[in-house]
Structure formats: C-alpha cells, structure tokens
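Architecture and fold: a report
Listed below, chain by chain, are the residues.
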Amino acid sequence: MREILCVASQLQVVNAMKKYFTDGGFKFCHLALPVSDEALLVGSDTVVVLMSPIVCNGKYLSAELPWKQYLREHLPNNLLIIAGFSDFQGDNYLDLLHLPKNIKAFLNRAEIAGGSWEPAYTGGLDVAEQLRRFFEGHGDESVTDELNNTLRILKIARDEMKRHQAEYQSVWKDLLLANRLPSKWNTLNNRWINYYPNFECLPFFGTFVQVNLALQHIAPYFNSNCEEEALFWELDCIEHLEHAKSALVKIEQHYVK
Amino acid sequence: MTNRNRVMLIVWWWKYGGLEEAWDEWTVAGYPEGHKLIRMDEPRSAAGTALIRSCVEDHLENSDVFIFLHRNHGYNQQAIEEILSGLSDHQRHISQLKCFLFGEGNDDLYIAKQPRALLGTKGTFRANMHLPNHHGNLIDAVANPATHQLKREHFDFVWKVYSHAFKAKVFELKEDLLTAFVDFSNMDLIPSGELYRYIRLPENRLLFLRLLSFTGRMRKGSDLERELIQWESREKRSLFFDDFSTNLKTTYGELEGRIYKNLVEAIKTHIFSVQGEADLPSIRGQFESLLSVMSEATYI
C-alpha cells in the first residue's frame, strides 16, 4: 500500500487529510513539528504532502521551496504535494476546498520532486527568504556574519595565548572587550533566537538542532562576560563554533539558493 | 525601503519614563534625522486629537507615518476616525499612513512580547527579560540616552512588523477560518445554518469573536469585547480588527473598502446566516480579493 507522509501541524487538517487518503486506499503517516531527520527515511514510493502555509512557531510559514530543494537532492523520485487553502491549480497542488475525486489519478499526473517545477508561493512567511537573510553575509539580520566575527576574534585570542604566550587577562581586556565580544555574542544569540523556531518546519531542522546545542554549550563562557579563562578552554568554544559554522555552511551550499 | 522617512508617533505612559513636554522626538542610530519616534502621553480628548493630527500633518509630506494609540488612554475605533478624518483626502493617501490601537502588553510593540521591540516597563524603552544564552537580562532599545537616539534594529523591527500587520491579520483569519471549516470543505452542499452552528461551538469561540470584530459586529464596552480582550491577554497577540476596519475606510483606497464590504457581506450571508447554502470557495475568493488589493506584503 502506498504511503502518504503528511507534514502538517493543524490537527483539523491532519484529520481531514487522514480520512481523505485512507478512504482512497493509502497508508497515512503524520509528521508533526519539529521535523526529525529519522522521519524522512522513507521509501521511494512515499508521497510527501506538505501543508502550506504551515503553522510553526505560532505563525503561518510557507516552506515549500526548501522542501522541494531538499527532496530534489535526497528523494528526487518521490512525489511532493503541496496542500493548502489557496485557490491554485497545478499538478502538485492539492486544493483542500476542491479535493480531487480520484486521488490516484491526481497523483499519477503529479511531477516528481526532482522535476523542474516550481512550487507556487502560498502566502505565509517565506522560509526560503528567512534562510537567505539568515545566511546573507554583512546583513543586518545575518546570523552567520555574527558567528564568523565571533569565531575570528576567539581564534586571534587563542593564537595570542598559544603562540605568543599572552596572559588571558590582557587578551580579555585588549582584544575581547575591545572588540565588544560579549555584545557580539548577544547580537548573534538574539538573531539566532529570532530564526531558530521558524526552522522547525524544515526537513533539515536536525542540523539546526545540532548548532543550537553547540551554542548552548558555549553560552556560559560568554555569560561570564568572557572573563573566565577556564571556561574558554574547558568548553572548547572555538571547536564548537567551528562545528556550528561547518554545519551551517553545508545547509547553505545545499538548500539555500 | 523607499527614500521617504519613517515616523512613529506613540501615545503611551511616557510621563512615567521622563517625558516632560507635550511630546519629544527620538532619532534612530544610523539613519538620517527624519527617521524618528515621537513620544506623546495625551489621554483622549479634543485637544489630544488635535495635537496628534497636527503632529502627523507636519510629517506627512516627506514621511510614512504610523500612529500607535494606547487603548488605556481612552483611544478606540472612533478616536482613529476622528484623527484620520481630520486629514485631507490627499494627506490620507499621500503615503503609508496607518493608525493602530494597542495595549495590555499583547502587541508587538512591547519588549516583553518581542525582545527587539520598543516599549519597556514604566514608560521606558527598556525591560528586564530572561533570554536563553544571553549575557545580561536588560534589553534596552536606546542607543544613546543623552542624544535621544534609539537602536536601529529595534526601530526597524517594529516598523517591519506593523508595515504588514493588517494584511497578516486578515491572512491569518482566512487560514484559521478555512482550517476550522475543513470538514465541510468537500461537501457538495453545506446545509443551511450548519456553519453558524459549528462556529458557535465552544472550541471555535475565539474564531467566532474575531469574526465578529472583523465584520464590525462587536459593540464597544460589550461583554463580547471584554471576552476578546481576555483572549488577547491569554494568547499574547493582537486579535481585534477595530483599527483595521477604520484604516481600511479612511487610509486605504475606495476599492479596498468596497472589497472589504463585500467580504463582510459574504461572511454574514454564508456563516452568520441560518438560511441559505454556505459557499466556502466564495468566502475564500472574497478574502483573496481583499488580500490582493492590499498593497503591502503579508509578511516581511
């Protein structure tokens, strides 16, 4: 029996779709938010149905473009169907006010995720645009920009101590405070808090979870006003930021246009 | 962003935060002086209305202006009408002029609701908030108190949110409404009165109240209004449409006003009426018409 993987958070919609698809002879699985990596280990005949806009972090978000990008890369032969209340027509759009009488015929007409079709924008907060701002260097809203700044300063500090045997107290005063590192951390953290919950609806949210854990791990160092040398070394601040950076670079390269 | 200035006039408890004159002005770090926030602490009165209007008139030529009126200062839908109707047609449509009601700490103006917002505690621009992983707890929207300068990212955040606040609220009402009625969506014929009975169920109470507010059927000072205020407080978001409908009539164009009226009629006919068949695609169509003529983005 062909499986439907329904990504939605509005329970009324989930229940309505469950009835529709099971009546049509499909196995129905609901993928709730936040999206986990394991949930997407599916067979090639599973149909991914994404509700859009989807309620995530208390807002209506349109995540169809990142989902298309992700599936094109990882599950190119699967079908991606966008479901919603917009008055659209399209081979991959399921209008919930006009559900097709023959769902099998509808799915036969739909294009695979690896195809060149572009999903229509469904009107919610555009997650593709959020991702672009998140990654955009030198922007007022860029997270990666602040992360790179913080990492650069910490690396200089480490080199000063390791190569030039500088005392931590002087590095703290002349480099970390002079470059307003605690304030940079707050900016980075504020921007992160602003974006992170919006990404719960993304198929690669698991990577953001890893980055979040890395940031939480090193937070005590910054919360000490960067004054505690022991925390600098014990928490492996540079390694954790490097890890966060490389995880984010992968997302940017693969899924952000 | 256009090259016009952006001005926010906020009527609030500023006297507690040190406002000594009838109003004062705060510029924004990194922007030309024309971008500003005007603090005012005038309770609703004829003189207060005249002062607000004159202040707006002074800025409309070169600036987009957002007016924020504190409900607890006595401002309501009628006050918005009085302020906006005193402006000439040309002034009303010359720029992006919008007038919002706010209060009870539930709007995106408050730092307690949005850490990048502007209004703190006791008439100030700052508040103590616990944010995870954050160094220190004080969030301060002021860049330089001596020169009356605000931080750019706080000013930008509030401006962005309110640039699309009306449209986002309409869009969310549409989505919430169609989601609630999804079980009826594929009935060939929805029996008369069925949607009304459904919307009156306790689980749909909030949606019912929002629809009453949207269609202008919620009387000032009524129990229903008090109930929606309580919902706002619980939900921590703005749920009233009283400021929206007044803005639509006065600062948006004639077309927007007409389409809004048609949508209100469609809701009354298909949802609030117990006679005749209900037609969800027709309601959706009216919502989408209204959204399509509101020129701002739904979200930024």
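Residues numbered from 1 in each chain as written. Chains lettered and ligands numbered in written order. Predicted model: local features only at pLDDT ≥ 70, side-chain atom pairs only at ≥ 80, totals over all residues. Heavy atoms only, no water.

Notes on the overall build of chain A
The helix and strand tally for chain A stands at 10 helices and eight strands. Reported as C-alpha extents along the three principal axes, the dimensions of chain A are approximately 75 × 30 × 30 Å. Out of the 257 residues belonging to chain A, those deemed buried represent 54%. In chain A, the share of contacts with a sequence separation of at least 24, taken over all contacts with a separation of at least 6, comes to 72%. When the accessible surface of chain A is split by element, carbon and sulfur atoms take 48% of a total near 11200 Å². A gap of 5 Å separates the mean positions of the 24 positive and 32 negative side-chain charges of chain A. (Helix = DSSP H or I, 4+ residues; strand = E, 2+ residues; numbered from the N terminus. Buried < 20%, exposed > 50% of the residue type's maximum accessible area, 1.4 Å probe, protein only. Contact = heavy atoms within 4.5 Å. Areas by Shrake-Rupley, 256 points an atom, 1.4 Å probe, with all protein chains shown as cover. Lys, Arg positive; Asp, Glu negative; His and termini not counted. Charge placed at Lys NZ, Arg CZ, Asp CG, Glu CD.)

A short note on helix H4 (residues 127-135) of chain A
Along H4(A), the residues that are buried comprise Val127(A), Gln130(A), Leu131(A), Arg133(A), Phe134(A) and Phe135(A). Taking the backbone nitrogen of Ala128(A) as reference, a side-chain oxygen 3.0 Å away marks Asp126(A) as the first, capping residue of H4(A). (Polar contact = N/O pair within 3.5 Å; in protein donor to acceptor, adjacent residues only side chain to side chain.)

Structural notes on the packing of helix H7 (residues 205-214) of chain B against helix H8 (residues 223-235) of chain B
Angle between the axes and distance between the axes: these two values describe a pair of packed helices. All names here are of chain B. Closest axis-to-axis distance for the H7/H8 pair is 10 Å, and the angle between their directions is 120°. Comparing the axis directions of H7 and H8 gives the class oblique. When you trace H7 past H8, the crossing you get is left-handed. Contact residues: H7 offers Arg 205, Leu 206, Leu 209, Arg 210, Leu 212 and Ser 213, while H8 offers Leu 224, Glu 227, Leu 228, Trp 231 and Glu 235. Grouping the amino acids of the contact of H7 with H8 by side-chain chemistry returns six nonpolar, one polar and four charged. (Axes fitted to C-alpha atoms, helices over the stretch in contact; angles between N-to-C directions. Parallel < 35°, antiparallel > 145°, perpendicular 65-115°, else oblique. Left-handed = near helix turned anticlockwise from the far one by under 90°. Nonpolar A, V, L, I, M, F, W, Y, C, P; charged D, E, K, R; others polar.)

A word on the packing of helix H5 (residues 143-163) of chain A against helix H6 (residues 168-177) of chain A
Residue and element names in this part refer to chain A. Running from N to C, H5 and H6 cross one another at 145°; their axes reach a closest spacing of 10 Å. Between H5 and H6 lies a crossing of right-handed hand. Two secondary-structure elements touch here, H5 through Ile 153, Ile 156, Ala 157, Glu 160 and Met 161 and H6 through Tyr 168, Val 171, Leu 175 and Leu 176. Classifying every residue of the contact of H5 with H6 by side-chain character gives eight nonpolar, no polar and one charged.

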